[in-house]
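Descriptive structure summary
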Amino acid sequence: GPVRNPEPAGRFLEAAHAQGMRVVAWYVPGFVNPDRDLNWSLAAIRFVSPAGERFDGFGLDIEVTEVADDRLRADRVVELSRRIREAAGPSYPLAAIVPNPLRSPSYWPVFPDRELAAIFDAYLPMTYWTYHVSGADTVHDYVSRAIAEVRRNTRAPGLPIHVIGGIANGAGIAEI
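Attention in this report is confined to the structure presented alongside it.

Definitions and limits used
- Residues numbered from 1 in each chain as written.
- Predicted model: local features only at pLDDT ≥ 70, side-chain atom pairs only at ≥ 80, totals over all residues.
- Heavy atoms only, no water.
- Helix = DSSP H or I, 4+ residues; strand = E, 2+ residues; numbered from the N terminus.
- Buried < 20%, exposed > 50% of the residue type's maximum accessible area, 1.4 Å probe, protein only.
- Contact = heavy atoms within 4.5 Å.
- Polar contact = N/O pair within 3.5 Å; in protein donor to acceptor, adjacent residues only side chain to side chain.
- Pairing = 2+ DSSP bridges.
- Core = buried A, V, L, I, M, F, W, Y, C linked by side-chain atoms within 4.5 Å.

1. Structural notes on the environment of Asp70
- Within the element layout of this structure, Asp70 appears in helix α3 (residues 70–88).
- A residue is classified by how much of its surface remains accessible, and Asp70, at 23% relative accessible area, is partly exposed.
- Ignoring sequence-local partners within four residues, the contact set of Asp70 consists of Pro109 and Val110.
- Side chain to side chain, Asp70 and Arg73 meet in a polar contact 3.2 Å long.

If you want it as structure tokens, here you go:
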């Protein structure tokens, strides 16, 4: 179903909130079935725990390439994002979890960065630097290039960016 293991998820959400944490739900759409992608995204946004707790935000994890037509996939990403924003409302925090901006040109060759930046409150590029570089200076340069590429692609200088770094046990303290 749209919320995997709702009872433990509710308990987790309640426990996190009791500790003062904010919790963001996320969903990975396939873009093959746009209605299911919307319904499952909204199920996470509208989820309520037994004690009445809700997620504090939602992230759309945009990475699946099952729809082979690049332009159709990009159109579906934008349409799904608009529908989620409309249903969630203008003040509900939404994040776009997006492919690495330094990715191979063959992976998501048509990506609607500007359109998505206008819909979402934050951008979370999956840079996963632990797969690409090591060493504090090299990691700094790689992440800086990724952020600059997001800024260039979105043309949104004030868009909050939270870089997704990669695998924790592959990262040294200086790199982090």
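2. Re the pairing of strand β1 (residues 24–27)
- Burial along β1 is one-sided: the face carrying Ala25 and Tyr27 is buried and the face carrying Val24 and Trp26 is not.
- Examined bridge by bridge, β1 and strand β2 (residues 57–61) share four bridges and lie parallel to one another. Bridge assignment links Val24 to a residue of β2, and that residue is Gly57.

3. Considering the environment of Glu53
- For Glu53, the location among the structural elements is in the loop between α2 (34–46) and β2.
- Taking the C-alpha atoms as reference, Glu53 lies 10 Å from Ala18; in sequence the two are 35 residues apart.
- With residues up to four places along the chain from it excluded, the contact list for Glu53 reads Leu13, Glu14, His17, Phe47 and Val48.
- Here the side chain of Glu53 touches His17 through a polar contact of 2.4 Å, side chain to side chain.

4. Section: the nonpolar core
- Among the nonpolar cores identified, the biggest contains 36 residues, and Ile45, Phe58, Leu60, Ile62, Ile84, Leu116 and Tyr123 are the most heavily contacted of them.
- The set of elements that each furnish at least two residues to this core consists of α1 (6–18), β1, α2, β2, α3, β3 (94–99) and α4 (113–117).
- In terms of residues, this core owes the most to one element, α3, which gives five residues.
- In contact with Ile84, other than residues within four places in its own chain, are Leu38, Ser41, Leu42, Ile45, Phe58, Leu60 and Leu94.

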